[in-house]
Amino acid sequence: MGQSRDSAQIEQQPYHFWIGPLKGPRPSFPLRFPLSLPVFHPPCPSNSKLCKKSSSVNARPTEEQSRAEHKAAGAESSPPIMRLLRLSLVLSSLALLSFLPASSSQDLQIVNAERRIDLSSHIIKVFLTLKVENTGTSPASEVLLAFPPTQADHLALLKAQAVIGKRKKKTYLPLDVNPAELPDGPNGTKYFSISLHNKLGAGEVATLEILYMLTHSLDPFPVEISQSESQLVYYRDSAVILSPYHIKQQTTFIKTPSSKIESFSMVEPTNRAGAELRYGPYENRSPYSYSPIIVHFENNNPFAVVEELVREVEISHWGSIQVTEQYKLAHAGARHKGVFSRVEYQSRPGSSGTSSFKHLLARLPPRVHSMYYRDEIGNISSSHLRLDSKKSELEIEPRYPLFGGWKATFVIGYGLLLEDFLFESPDGRRYLNFTFGCPLVETVVDKLTIKVVLPEGSLDPSVVVPFPVNQYLEKKYSYLDVVGRTVVVVEKENVVPEQSSPFQVYYHFSPIFMLAEPMMLTSVFFLLFVTCVAYLHIDLSIRK
Amino acid sequence: MKANIVARGISTLSRNFLTGSYPLRAVAAHRVWNWPSLFSSFSSSSSVHGELQTQPSSSTRPALLPAESVNTSAGARVRQSMSASETAGERTVRHAFGNVLAFFILLLIGVLAFSIRLFSVIKYESVIHEFDPYFNYRVTQFLTKNGIYDFWNWFDDRTWVLNSLNIPLSVETVCVFTAPTFSAFASWATYFLTKEVKGPGAGLAAAALLGMVPSYISRSVAGSYDNEAVAIFALIFTFYLYIKTLNTGSLFYATFNAISYFYMVCSWGGYTFIINLIPMHVLLCIVTGRYSSRLYIAYAPLVVLGTLLAALVPVVGFNAVMTSEHFASFLVFIIIHVVALVYYIKGILSPRMFKVAVTLVLSVGIAVCCAVIAILIAVVASSPTKGWSGRSLSLLDPTYASKYIPIIASVSEHQPPTWPSYFMDINVLAFLVPAGIIACFLPLSDASSFVVLYIVTSVYFSGVMVRLMLVLAPAACIMSGIALSEAFDTLTGSIKFQLLGYSSVNSQAAAGDASPDSTSAQSNALKPDKSEETAKERTSKKSKKKEKEREKEKEQVDQSSVQPRAGRRLQVLPLEASIIGVFLLILLGAFYVVHCVWAAAEAYSAPSIVLTSQTQDGGLHVFDDFREAYAWLRHNTEVDDKVASWWDYGYQTTAMANRTVIVDNNTWNNTHIATVGTAMSSPEKAAWEIFNSLDVKYVLVVFGGLVGYPSDDINKFLWMVRIGGGVFPHIKEPDYLRDGQYRIDSQATPTMLNSLMYKLSYYRFVETDGKGFDRVRRTEIGKKYFKLTHFDEVFTTHHWMVRIYKLRPPKNRIRGKAKKSKSVRNSLIISWSKAFPKFNAVSDRLNPAENEFSINLKKDCKDQEEPLAVKRFLRFYKLLSQGSEVGLVGYILLQAIFRKVIPYRDVGKISRILQYCDILVYISVFCSRRESRIIEFVGL
């Protein structure tokens, strides 16, 4: 690995985030890691006029980068003795670390990588196809994916599957993806490891398909637009795939919603055809290569973001489930500036307020009943519910069209039949099988809280969710409760619609508790009447 | 004879009790009692009540029964006593059955009263409707949130109770259903009141009528969380307790009466109606010779306790003793004491001595009274409004409000009603009321005279203001209930007579419930003495019950003596006539019910915040523009942004949009409303100045021209002009009228077309249809194409019903135009000089355009001998010419100071009132010599 590092680095633009710490002991992960020897920040590609802008837009790295540049310059001008000294230090640490158990994936390389980035909505979908080859000797059981920290923060979903078989007989095998920690991740690079089902033997090749989604990664520019303007956004990424492995050949396709692309960075070879940009193919890029690109294009899709969603699922064993969903909706696109003219909005729907939205579609379970849609000041009359046997579609309009930066809150509530969602597991426990995620189509939920209110008297609740979430228990008191109902709270941030997979809540419940409240009422009335009867028949007067 | 012994026991017992506990009463009414004169005392005390004069036999004690029966034939006597004993058992069953029936009827009436008001929730949604109730809603919200559940905020206590039972009820739900609940209570209270007056039959009829009277429905549909809904219940209940006390003479009820009065004071300003009506009735009773100890018990505690309690209510406070509204009650309080004293003296002195005493007291007393009254009148007359508040004055003098208080007159519900509105609001009751009044006079009792007084006064008040129709409604219901029940009594009685024959009617009449008029007469007859006895004994409830049973026995024995009279008094109508009469009455009732249901469903249930219209395919099109705008304000403006709108929408904006408003539905703050009215009627630039000085960020106007919503701001605009012009005289109503006509088309006056309201309403309106056709005014607008220079349209709702504008930031203006418009300056001068008359002398001469300005200035300052003063004035003048109001105000104030028009202390006050506190800084800087003193008042 180490043999080609210097040459590779000088030729290529390094992953500029990690040009940080130069002092102190070297990170303990020597071999598949290009040493951070002081090098010049490579000149911008001659045809990339956006290069400078890209570095200035990345707020977080800029500081580090400039510091690094400064240091780099300092190091560059430092006498060769120092360089030697440092090199020897590094080498000695390498020597030390070579005794550590080598990582299983050290000998992997990516033969071919194809990345398709779909920018048509505000949820960015990236399809990544990797052909991984084990060039080492020992079998590898996991493949690492690397993300720059900015992307990792906005990463909503990451799925991987292995492709088995050739064309026509392809089968897909979902694979586990877990966040991984590498102690020496350059500048906060985040890793995810894909565990392979079968270990990849030496010389074997596996094809992996990876889907990940990014939210809040399109930055509107200009930041404020008026009613008649359309919304332009920036998308920033790297032309080459950030990876801890050597990539032999790679191509990136970027699909924009329309052919209206204001500008894009050129990293040769770059090709534009209509609404699609192609970067690559690039050959033989070393690990952690990075070449920032920026695409400035028009995106008038509704940037509907639910800032906070609280879904409360209340189970009643008398036969119904009541769901209440509280939304805090916002338009996360370019902020609306200046006047809002209704006459323009109504008379020229095509050109006025194109980035605003007024409709939302919610997919609800079938057989939904007693639906309501309101906010804190009363019912909102603009909604339509379409019911059919497979699903219910609810089309809602907020009270007013949402322009960039505008917000609205509302509540959707509905009832469901108990038998559709509550089942009894073989061990006698009951479980609720319900959909995780937000029923609104094409929206991002920044913070999702699901509260499952179990009936009074339920015991030992446990939750099965297919992805990591926060969870805890609460108590809730409703009509005539004495001990209170157990509430299972599940929290997750940054949720996209593709995560609407079912989850389960298991609990013990004995039906005798259903009778508690009727009995309580009956006894209260009984006592009342008894008291009345007693009062009427007791004479406490002294005088007879 | 056994009964006699019992009665003696009771009377002695009561005397023992009374001498200890109620000396005055015992002396006044019962001191003369001793055993031989028991009968005479009964007859004398009962002779106070008119009922008994017509039926002397019923007042006789059982002791006299044998003597009476001797007069009848022996056979008849035997038959009667047999039938009496036969029916005795049956009668108790019937009696109990009647009670249960009445209870269930009442329950049903309550359910009816509640459910007839739910149309709004079912047809629309559970939301608070009107503009006003949002204030109450907010107050309640605040109180529940902060946990300051005061004793006078009844609901909050209730919601807390519910919360502790783990019944989650939002404050809003409670608020929405408060009014229907209270109308059910009100109908029950009506039952009790009418029962006290004319027996349970009339009570049930009145309760049923009140449960669905449209006038009350209009104020108490679900969602109208208004004071009135609660207040009517409190009003009726207070009257009931008063009558109950009057009938029983029980101090227990008198105390409750005061508490109920207090509740009324808390809930509504209309409590003054009670505190004037009851004294009037007391006075009437005294004048007509109906004074009794019961009257005293009913009245005196009410005044003392009631006034004390009323003074606890923050809004009332010392007004409870200071204003003329309460004056009548104190006067009558004095009178009743004098009368009580006279009766007492009359009781202890022999008639001859009494005459001497009367002459002595009269001569002295009249002199003293004259003096006191003269002083009082002098004190009252010294105050400008004669001690009456504006609201009350506008009641007494119907022309008062339109003359002096345009704000009160501008509210549509303060206008005098039209005849159709009587028919709409009380419907057939209007025709039944006279019959009820006649029925009240046959026979006239204390209670029925009160009801008559009530209806007469409330008819007058309702004639002054539409709003007070609400006070009339219960009175009309009571009267109609009495009329209906009397009519039914007569008609069904004669039908029965015709069908069943004379004898059986007789026996049934004797049996009681079948002919309520005899029972009610009896109960009325028996009530006073019975209750006097029960009130006198302070025994437990149980023994009272036994006493009642005993009296029931007595009544049963009484029946036999009543019987001949019942036969005598039956005025029998022909069978056909009575059947037709019953049928017509039922028809009338049915008509009333149909009307009420229609009124509840169609006329009064529409929440003013949501409008609906039928679409062509029969669907419902909803105009939810108000909430659209409020929601927008709530979510898309800063929390501390202030919103200016006409005051109708103030509370709603506060509650729904959660933003501070400049003016709200609170009628007290006249100047602020006038300021907003002035701004709306001024040209754009001047309006911007005013709004900017009020720190307003957004201006909200309601515009109905696109969809034809008639109660929009353009239609209210003349009131804005009037109210604004009332305080700031440069706004003149004729400027906005072309030949006395209010119009917005091309014939409109330039002032009108340039006013802010016009511009904000019609901004870019012409682009909707190309012509600018206003569907409310049914005309094309006058000025079609114009631009706004100081305001930006930031939001307009879907149907254009609410338009929100934002004030442009000030820097544009200053950069653009250094000069302030002359009209604004003059208007400001005029307005301030109006507000502070002493300025007139200064501002008359203040015309900065004058050439001899500086000469004037020097002349002004000469007597001050302060050369620096000129410089100071010039500094302010410079500021003034730059268009700064600070300069203007400072100039006026400084001039005023130097010319000693106003003292220093007032400068601080005035500038604080004008919200130009920064003036003080200027002045204190400029007036170096007097700095210390000025700083003094800056510190104030």
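Residues numbered from 1 in each chain as written. Chains lettered and ligands numbered in written order. Predicted model: local features only at pLDDT ≥ 70, side-chain atom pairs only at ≥ 80, totals over all residues. Heavy atoms only, no water.

Engineer: I'm lost on the overall build of chain A in this one. Help?
Structural biologist: Assigned secondary structure in chain A consists of eight helices and 31 strands. Taking all 544 residues of chain A together, 49% fall into the buried category. Residue pairs at least 24 apart in sequence account for 76% of intrachain contacts in chain A once pairs closer than 6 positions are excluded. Accessible surface for chain A amounts to roughly 26,000 Å². Of this, 58% is attributable to carbon and sulfur atoms. (Helix = DSSP H or I, 4+ residues; strand = E, 2+ residues; numbered from the N terminus. Buried < 20%, exposed > 50% of the residue type's maximum accessible area, 1.4 Å probe, protein only. Contact = heavy atoms within 4.5 Å. Areas by Shrake-Rupley, 256 points an atom, 1.4 Å probe, with all protein chains shown as cover.)

Engineer: Would you take a moment to explain the interface of chain B and chain A for this structure?
Structural biologist: Often the size quoted for an interface is simply the accessible area lost on bringing the parts together. Each partner contributes to the interface: chain B provides 37 residues, whereas chain A provides 34 residues. Carbon and sulfur atoms make up 49% of the surface buried where chain B meets chain A, a total of about 3,000 Å² over both sides. Here chain B and chain A share 15 residue pairs in polar contact (both at pLDDT 80 or more) between them. Of all the secondary structure elements, the ones that give two or more residues to the side of chain B that touches chain A are helix H28 (541-569), helix H30 (625-636), helix H37 (766-769) and strand E8 (791-796) of chain B. Of the residues forming the side of chain B that touches chain A, the biggest block, eight residues, is contributed by H30 of chain B. (Buried area = accessible area lost by both parts, 1.4 Å probe. Polar contact = N/O pair within 3.5 Å; in protein donor to acceptor, adjacent residues only side chain to side chain.)

Engineer: Help me understand the UniProt feature "transmembrane region" (unreviewed entry) in chain A in this model?
Structural biologist: UniProt's entry tags residues 519-538 of chain A with the feature "transmembrane region" (unreviewed entry), counted in the numbering of this structure. Annotated as 95% helix and 0% strand, the span residues 519-538 of chain A places its first and last C-alpha atoms 28 Å apart. (UniProt positions renumbered as here; feature names shortened; annotations may be inferred.)

Engineer: What am I meant to see in the pairing of strand E15 (residues 292-298) of chain A here?
Structural biologist: In summary, the side chains of a regular strand alternate between the two faces of the sheet. Residues and elements named next belong to chain A. The element E15 is extensively covered by neighbouring structure, given that seven of its seven residues are classed as buried. Both faces of E15 are covered, namely the face carrying Pro292, Ile294, His296 and Glu298 and the face carrying Ile293, Val295 and Phe297. Pairing between strand E10 (residues 232-238) and E15: seven bridges, direction antiparallel. In the sheet register, leucine 232 faces E15, and the bridge partner there is glutamate 298. As judged from the three bridges shared by strand E12 (residues 261-264) and E15, these two strands associate in the antiparallel manner. What sits directly across from isoleucine 261, in E15, is phenylalanine 297. (Pairing = 2+ DSSP bridges.)

Engineer: What should I look at first to understand helix H29 (residues 575-603) of chain B in this one?
Structural biologist: Working note: α-helix, 3.6 residues per turn, so residues spaced by three or four point in the same direction. Residues and elements named next belong to chain B. In this model, H29 (29 residues) spans 40 Å end to end at C-alpha, consistent with the 42 Å of a helix rising 1.5 Å per residue. Buried within H29 we find Ser578, Gly581, Val582, Leu585, Tyr592, His595, Cys596, Ala599, Ala600 and Ala601. Looking at the buried side of H29, the elements it contacts are helix H7 (119-123), helix H10 (171-211), helix H11 (214-220), helix H22 (419-426), helix H23 (429-440) and helix H25 (469-500). (Expected span 1.5 Å × (residues − 1).)

Engineer: Can you help me understand the packing of aromatic side chains in this one?
Structural biologist: The geometry of an aromatic ring pair comes down to the distance between the two centres and the angle between the two planes. One pass over the full model with this rule turns up 58 aromatic pairs over all chains. An angle of 80° between the planes, with centres 5.9 Å apart, marks the rings of tyrosine 400 of chain A and phenylalanine 795 of chain B as edge-to-face. You can see tyrosine 400 of chain A sitting in the loop between strand E23 (392-396) and strand E24 (407-417) and its partner phenylalanine 795 of chain B sitting in strand E8, one on each of two chains. When its relative accessible area of 1% is taken as the criterion, tyrosine 400 of chain A is described as buried. For phenylalanine 795 of chain B, a relative accessible area of 0% translates into the label buried. Centroid distance phenylalanine 252 of chain B to phenylalanine 256 of chain B: 5.1 Å. Interplanar angle 70°. Geometry classified as edge-to-face. Of this pair, phenylalanine 252 of chain B and phenylalanine 256 of chain B both sit in helix H13 (residues 251-267), four residues apart, roughly one helical turn. For phenylalanine 256 of chain B, a relative accessible area of 39% puts it in the partly exposed group. Among the aromatic residues, those joined into a cluster by ring pairs are Phe340, Tyr345, Tyr400, Phe403 and Trp406 of chain A together with Trp632, Tyr698 and Phe795 of chain B. The ring of phenylalanine 253 of chain A has arginine 116 of chain A lying over it, and the distance from NZ or CZ to the ring centre is 4.3 Å. (Phe/Tyr/Trp six-rings, centres within 6.5 Å; stacked < 30°, edge-to-face > 60°. Lys NZ or Arg CZ within 6 Å of the ring centre and 35° of its normal.)

Engineer: Would you take a moment to explain the nonpolar core for this structure?
Structural biologist: Across soluble globular proteins, you tend to see nonpolar side chains buried next to one another. Counting 123 residues, the largest nonpolar core has Leu432 of chain A together with Met680, Phe691, Phe791 and Ile804 of chain B as the members making the most contacts within it. Sequence-distant contacts of phenylalanine 791 of chain B, defined by excluding residues within four places in its chain, comprise Glu684, Trp688, Phe691, Val699, Leu756, Leu760, Tyr805, Lys806, Leu807 and Arg808 of chain B. Judged by nonpolar contacts, the second largest core, of 97 residues, contains Ile243, Met264, Ala298 and Cys477 of chain B. (Core = buried A, V, L, I, M, F, W, Y, C linked by side-chain atoms within 4.5 Å.)

Engineer: Looking at this structure, I do not really get the sheet that holds E23 of chain A. What am I missing?
Structural biologist: Backbone-to-backbone hydrogen bonds pair the strands of a sheet. The strands run either parallel or antiparallel. All names here are of chain A. Ordered in space as E19-E23-E22, the three strands form an open sheet in which the pairing is antiparallel. At either end of the open sheet lies a strand with only one pairing partner, and these are strand E19 (360-364) and strand E22 (383-387). Across the sheet, the mean angle separating the axes of adjacent strands is 15° when strand polarity is ignored. When E19 meets E23, the two strands line up antiparallel, connected through five bridges. What sits directly across from leucine 364, in E23, is serine 392. (Axes fitted to C-alpha atoms, helices over the stretch in contact; angles between N-to-C directions.)

Engineer: Explain unusual backbone geometry here, please?
Structural biologist: Trans is the common state for peptide bonds, and a negative phi is the common state for residues other than glycine. Note the cis peptide between phenylalanine 221 of chain A and proline 222 of chain A, where omega equals 5°. Along the chain, proline 222 of chain A turns up in the loop between strand E8 (218-220) and strand E9 (224-225). Note that the residue after glutamate 268 of chain A, namely proline 269 of chain A, is joined by a cis bond; omega there is -5°. Following the sequence through the fold, proline 269 of chain A ends up in the loop between E12 and strand E13 (270-273). Phi at tyrosine 288 of chain A takes a positive value of approximately 60°, unusual for a residue other than glycine. Residue position: tyrosine 288 of chain A is located in the loop between strand E14 (276-285) and E15. A relative accessible area of 2% means that tyrosine 288 of chain A is categorised as buried. Residue asparagine 427 of chain B is not a glycine yet carries a positive backbone phi of 55°. Its place among the elements puts asparagine 427 of chain B in the loop between H22 and H23.

Engineer: What exactly am I supposed to notice about the packing of H10 of chain B against H25 of chain B here?
Structural biologist: In a pair of packed helices, the angle between the axes and the distance between the axes together describe the arrangement. Residue and element names in this part refer to chain B. Orientation of H10 relative to H25, taken along the N-to-C sense of each, is 100°, at an axis distance of 7 Å. It follows from the interaxial angle that H10 and H25 lie roughly perpendicular. Contact with H10, carried on its side by Thr190, Leu193, Thr194, Val197, Lys198, Gly201, Ala202, Ala205, Ala206, Leu209 and Leu210, involves Pro474, Cys477, Ile478, Ser480, Gly481, Ile482, Leu484, Ser485 and Glu486 of H25 and no other residues of that element. Here the contact of H10 with H25 is built from residues that sort into twelve nonpolar, six polar and two charged. (Parallel < 35°, antiparallel > 145°, perpendicular 65-115°, else oblique. Nonpolar A, V, L, I, M, F, W, Y, C, P; charged D, E, K, R; others polar.)

Engineer: In this structure, what is going on with the pairing of strand E30 (residues 485-495) of chain A? I would like to understand it.
Structural biologist: Residue and element names in this part refer to chain A. Burial runs high along E30: ten of the eleven residues are buried. For strand E27 (residues 444-453) and E30, the ladder comprises eight bridges, and the chain directions are antiparallel. Note that in E30 the partner of lysine 451 across the bridge is valine 489. As paired elements, strand E29 (residues 470-476) and E30 share seven bridges and run antiparallel to each other.

Engineer: Can you help me understand the confidence of the model for chain B in this one?
Structural biologist: When pLDDT is low, close inspection of the predicted coordinates is not appropriate. Here chain B averages 71 in pLDDT, and 60% of its residues register 70 or above. When the criterion is pLDDT under 50, residues 924-940 of chain B qualifies, and its contacts beyond four places in sequence or with other chains add up to 29 contacts. (pLDDT = per-residue confidence, 0-100.)

Engineer: Help me out: how do you make sense of the sheet that holds E30 of chain A in this one?
Structural biologist: What the eight strands build is an open sheet, ordered E21-E20-E24-E17-E16-E27-E30-E29 (chain A); its pairing is mixed. On the outer flanks of this sheet lie strand E21 (378-379) and E29 of chain A, each paired with one strand and no other.

Engineer: Sorry, what's going on with the pattern of salt bridges here?
Structural biologist: If charged atoms from side chains of opposite charge come close, those side chains can pair. Applying the stated rule across the entire model yields 40 salt bridges over all chains. Arginine 634 of chain B is the salt-bridge partner of glutamate 376 of chain A, the closest N and O atoms lying 3.0 Å from each other. With glutamate 376 of chain A in the loop between strand E20 (369-375) and E21 and arginine 634 of chain B in helix H30, this pair bridges two chains. When its relative accessible area of 33% is taken as the criterion, glutamate 376 of chain A is described as partly exposed. (Salt bridge = Lys/Arg side-chain N within 4 Å of Asp/Glu carboxyl O.)

Engineer: I tried to follow the packing of helix H12 (residues 227-248) of chain B against helix H15 (residues 293-310) of chain B on my own but got confused; where do I start?
Structural biologist: All names here are of chain B. At a closest axis distance of 7 Å, the pairing of H12 and H15 adopts a crossing angle of 150°. One element, H12, and the other, H15, form an angle in the roughly antiparallel class. Of the two possible hands of crossing, H12 and H15 adopt the one that is right-handed. When H12 is examined against H15, the residues Tyr242, Thr245, Leu246, Asn247 and Thr248 are found in contact with a partner set consisting of Arg294, Leu295, Ile297 and Ala298. Split by residue class, the contact of H12 with H15 holds five nonpolar, three polar and one charged. (Left-handed = near helix turned anticlockwise from the far one by under 90°.)

Engineer: Just checking my understanding: could you explain the environment of isoleucine 426 of chain B for this structure?
Structural biologist: Residues and elements named next belong to chain B. Within the secondary structure, isoleucine 426 sits in helix H22. Exposure remark for isoleucine 426: the relative accessible area of 3% places this residue in the buried category. Linking isoleucine 426 and serine 215, residues 211 residues apart in sequence, is a C-alpha distance of 6.2 Å. Those residues in contact with isoleucine 426 that lie beyond four places of it in its chain are Val213, Ser215, Leu472, Ala473, Ala476 and Tyr592.

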